[in-house]
Amino acid sequence: MKTLKRLFLALLLVSGCASVTPINDMPNIVLGEPSFYPTLAAHTDASIIAGNRVELLLNGEQIFPAMLQAIRSAQKSITYAQYLYEDGAIAYEIAEAFAERCRAGVQVKILLDSIGAGSIPKDIPDLWKKSGCQLEWFRPIKVLQFITPWEFLNYNHRSHRRILVIDGRIGFTGGHGVGEAWTGNGRTAEHWRQTDVRVEGPIVQQLQAAFVESWRRTTGNMLGDDAYFPALDIHGKVYTQIVKSSPVGGSFESYLLFLLSITSAQKSIHIANPYFLPDDRTEEALINAVKRGVKVMVLTPAKGDHTTTSSASRSGFGPYLLGGVEIYEYHPALMHTKAMVVDGIWATVGSANFDNRSAAINEEINLVVYDAGFAGQVEKSFQEDLKYSKKLTYEEWNSRPLIDKILELFTIPVKEQL
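Anyway, here's the lowdown on the structure attached to this text.

Parameters at a glance
- Residues numbered from 1 in each chain as written.
- Predicted model: local features only at pLDDT ≥ 70, side-chain atom pairs only at ≥ 80, totals over all residues.
- Heavy atoms only, no water.
- Buried < 20%, exposed > 50% of the residue type's maximum accessible area, 1.4 Å probe, protein only.
- Helix = DSSP H or I, 4+ residues; strand = E, 2+ residues; numbered from the N terminus.
- Pairing = 2+ DSSP bridges.
- Disulfide = S-S within 2.5 Å.
- Core = buried A, V, L, I, M, F, W, Y, C linked by side-chain atoms within 4.5 Å.
- Contact = heavy atoms within 4.5 Å.
- Polar contact = N/O pair within 3.5 Å; in protein donor to acceptor, adjacent residues only side chain to side chain.
- Axes fitted to C-alpha atoms, helices over the stretch in contact; angles between N-to-C directions.
- Parallel < 35°, antiparallel > 145°, perpendicular 65-115°, else oblique.
- Left-handed = near helix turned anticlockwise from the far one by under 90°.
- Expected span 1.5 Å × (residues − 1).
- Phe/Tyr/Trp six-rings, centres within 6.5 Å; stacked < 30°, edge-to-face > 60°.

1. What to know about the pairing of strand 12 (residues 339-342)
Here is step 1 of the chain: Neither face of strand 12 is exposed, since A339 and V341 on one face and M340 and V342 on the opposite face are all buried.
Here is step 2 of the chain: As paired elements, strand 9 (residues 268-272) and strand 12 share four bridges and run antiparallel to each other. Residue pairing in the sheet places I271 in a bridge with M340 of strand 12.
Here is step 3 of the chain: One ladder, built from four bridges, connects strand 12 with strand 13 (residues 346-350); its direction is antiparallel. Bridged to V341 within strand 13 is A347.
Here is step 4 of the chain: What sits between strand 12 and strand 13 in their antiparallel hairpin is a turn of three residues, with D343 showing a positive phi close to 55 degrees.

2. Examining unusual backbone geometry
Here is step 1 of the chain: Despite not being glycine, N59 has its phi angle at roughly 70 degrees, a positive value.
Here is step 2 of the chain: Along the chain, N59 turns up in helix 3 (residues 59-73).
Here is step 3 of the chain: Residue N59 is classed as buried on the basis of its relative accessible area of 5%.
Here is step 4 of the chain: We note that D225 has phi near 75 degrees; this positive angle belongs to a residue other than glycine.
Here is step 5 of the chain: When you line up the elements, D225 lands in the loop between helix 7 (204-219) and strand 8 (238-245).

3. With respect to the state of the cysteines
Here is step 1 of the chain: Here the structure, examined in full by the defined rule, presents one disulfide.
Here is step 2 of the chain: Across a sulfur-sulfur distance of 1.9 Å, C102 and C133 are joined as a disulfide pair. Taking the torsion about the S-S bond as the criterion, the C102 to C133 disulfide, at about 115 degrees, is right-handed. Of the two residues, C102 sits in helix 4 (residues 89-103) while C133 sits in the loop between helix 5 (123-131) and strand 4 (134-138), which places them 31 residues apart along the sequence. Note on accessibility: C102 and C133 belong to one class, buried.

4. Description of the nonpolar core
Here is step 1 of the chain: Residues I78, Y85, F98, I110, W128 and L164 are the most contacted members of the largest nonpolar core, which totals 41 residues.
Here is step 2 of the chain: At the level of secondary structure, the elements contributing two or more residues to this core comprise helix 3, strand 2 (77-82), helix 4, strand 3 (107-113), helix 5, strand 5 (163-166) and strand 6 (170-174).
Here is step 3 of the chain: Ranked by residues supplied to this core, first place goes to helix 4 with eight residues.
Here is step 4 of the chain: When residues no more than four places from it in sequence are discounted, the contact partners of F98 are I71, I78, Y80, V108, I110, W128, C133 and L164.

5. What to know about the pairing of strand 14 (residues 364-370)
Here is step 1 of the chain: With seven of seven residues buried, strand 14 is to be regarded as a mostly interior element.
Here is step 2 of the chain: Both faces of strand 14 are covered, namely the face carrying E364, N366, V368 and Y370 and the face carrying I365, L367 and V369.
Here is step 3 of the chain: For strand 8 and strand 14, the ladder comprises seven bridges, and the chain directions are antiparallel. For S245, the partnering residue across the bridge sits in strand 14 and is E364.
Here is step 4 of the chain: In terms of strand pairing, strand 13 meets strand 14 through five bridges, oriented antiparallel. Pairing of W346 across the sheet is with Y370, part of strand 14.

6. Quick notes on the environment of S245
Here is step 1 of the chain: For S245, the position within the fold is in strand 8.
Here is step 2 of the chain: On the accessibility criterion, S245 (1% relative accessible area) is buried.
Here is step 3 of the chain: Between the alpha carbons of S245 and Y255 there is a distance of 8.4 Å; along the sequence they are ten residues apart.
Here is step 4 of the chain: With residues up to four places along the chain from it excluded, the contact list for S245 reads R161, S251, F252, E253, S254, S358, N362, E363 and E364.
Here is step 5 of the chain: A distance of 2.9 Å separates a polar atom in the side chain of S245 from a polar atom in the side chain of S254.

7. Concerning the packing of helix 3 against helix 4
Here is step 1 of the chain: For the pair helix 3 and helix 4, interaxial distance at closest approach is 9 Å and the crossing angle is 15 degrees. In terms of orientation, helix 3 and helix 4 fall into the roughly parallel class. In this structure, helix 3 meets helix 4 at a crossing whose hand is left-handed. Residues F64, L68, I71 and R72 of helix 3 touch helix 4, and the partners they reach there are I90, E93, I94, A97, F98 and R101.

8. What about helix 7?
Here is step 1 of the chain: With 16 residues, helix 7 should reach 22 Å at 1.5 Å per residue; the first-to-last C-alpha distance of 22 Å fits that figure.
Here is step 2 of the chain: Within helix 7, the full set of buried residues consists of V204, L207, Q208, A210, F211, V212, E213, S214 and W215.
Here is step 3 of the chain: G220 occupies a position one or two residues after helix 7 and carries a positive phi of about 80 degrees.

9. Observations concerning the side chain of H176
Here is step 1 of the chain: Checked against the element boundaries, H176 lands in the loop between strand 6 and strand 7 (195-200).
Here is step 2 of the chain: By relative accessible area, H176 is classed as buried at 5%.
Here is step 3 of the chain: A distance of 3.3 Å separates polar atoms of two side chains, one belonging to H176 and the other to Q82.
Here is step 4 of the chain: Among all residues touching H176, those that are not within four sequence positions of it are I63, F64, M67, Y80, Q82, R162, W182, Q194 and D196.

10. Notes on the packing of aromatic side chains
We describe a pair of aromatic rings using the distance from one ring centre to the other and the angle between the two ring planes.
Here is step 1 of the chain: Inspection of the entire model under this criterion finds eleven aromatic pairs.
Here is step 2 of the chain: Judged by centre distance (5.8 Å) and plane angle (40 degrees), the ring pair of F276 and F354 falls under tilted. Highlighted residues: F276 in the loop between strand 9 and helix 9 (280-291) and F354 in the loop between strand 13 and helix 12 (356-361), separated in sequence by 78 residues. Neither F276 nor F354 differs from the other in exposure class; each is buried.
Here is step 3 of the chain: In textbook terms, an aromatic cluster arises when at least three aromatic residues are bridged by ring pairs, as seen for Y80, Y85, F98 and W128.

Written as structure tokens, this is what we have:
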């Protein structure tokens with residue numbers, strides 16, 4: 001597997017750069033006004049669905065217990081898509097929970113990305129197979145594929161989605177991985193800061209649809225019937241969307257979701273993201289938002305998990321700082337939350353980063369919530385994180401060590417792949 005990962009890294013250097021279709025004119029919409037909702041729905045190809053309950057889950061101490069409880073309650077089906085699956089106690093606890101349900105006769109479909117989950121201990125897939133679970137790998141790399149390099153280039157497109165659906169009725173999504181780094185409270189170096197969501201109601205059908213889409217592309221098999229798509233009752237009053245994007249077919253819905261929400265903001269934009277490398281169009285939109293009186297705050301890690309990505313991200317902070325965007329760096333742990341709140345009434349949580357890889361290369365998924373109560377919860381967690389963060393000034397950024405500036409230059413050729 002290490003060999004395959006090295007091949008994948010080499011691929012980043014030789015493969016062509018994918019990018020979103022350039023956006024010129026933007027519609028003149030305002031968040032909260034009637035035209036905003038159908039405009040966003042049209043450009044993200046995602047219907048806004050009423051009648052849902054959404055629960056915010058902060059860090060592994062809330063995310064994993066909620067997931068495990070739901071898994072152990074499954075009676076008919078479990079569908080699970082994950083980008084990153086590593087070693088550790090939580091990996092085995094989740095693995096055994098899946099295996100136990102398989103032995104009880106529940107249909108369990110597990111889809112792992114072959115690169116991101118390449119470090120999974122071998123005995124976990126063996127356990128699943130022995131227990132009757134069905135495990136599939138998204139775009140597994142085959143060395144013989146070098147014979148047809150035009151197909152090999154497709155391996156650059158990864159499944160970055162995180163999806164868990166129980167009996168077609170309860171859903172989870174966000175940006176967590178399965179590993180010890182995601183356990184704990186997000187306030188110590190060994191335990192990353194993460195935000196996920198649990199949902200019930202009609203929106204679960206859309207979350208399940210995203211899974212069966214990836215499953216069909218991987219296996220050629222179509223999932224359906226009452227085990228996966230039961231009739232769903234109303235569980236609350238919250239309006240939500242599931243926005244999924246994929247390079248297959250050239251869809252860039254995650255990118256358009258971010259761009260439209262930024263340009264429609266009137267009061268505030270609060271972004272938490274571990275990989276903040278927006279393109280020029282998004283940079284312009286954020287700075288223009290400041291010019292029209294919007295308070296724009298970005299929360300990123302003080303230290304990232306990938307040196308190249310961190311260097312590329314920090315190299316672009318200058319225009320934002322000069323343009324009035326406030327950038328804060330989170331210090332206790334890696335800030336891995338992928339969330340945004342606009343005007344205190346609209347929020348999104350999911351897998352997408354603010355970079356070209358999420359915009360134009362990877363398969364991503366985000367939950368969008370139209371509810372001031374939920375947005376307020378995300379906002380509260382954002383404000384709490386600021387207590388553990390340091391505001392970056394332009395002077396501090398500009399006076400960073402020369403060696404950092406030199407390293408940043410080496411990220412330019414691969415920036416669109418990050």
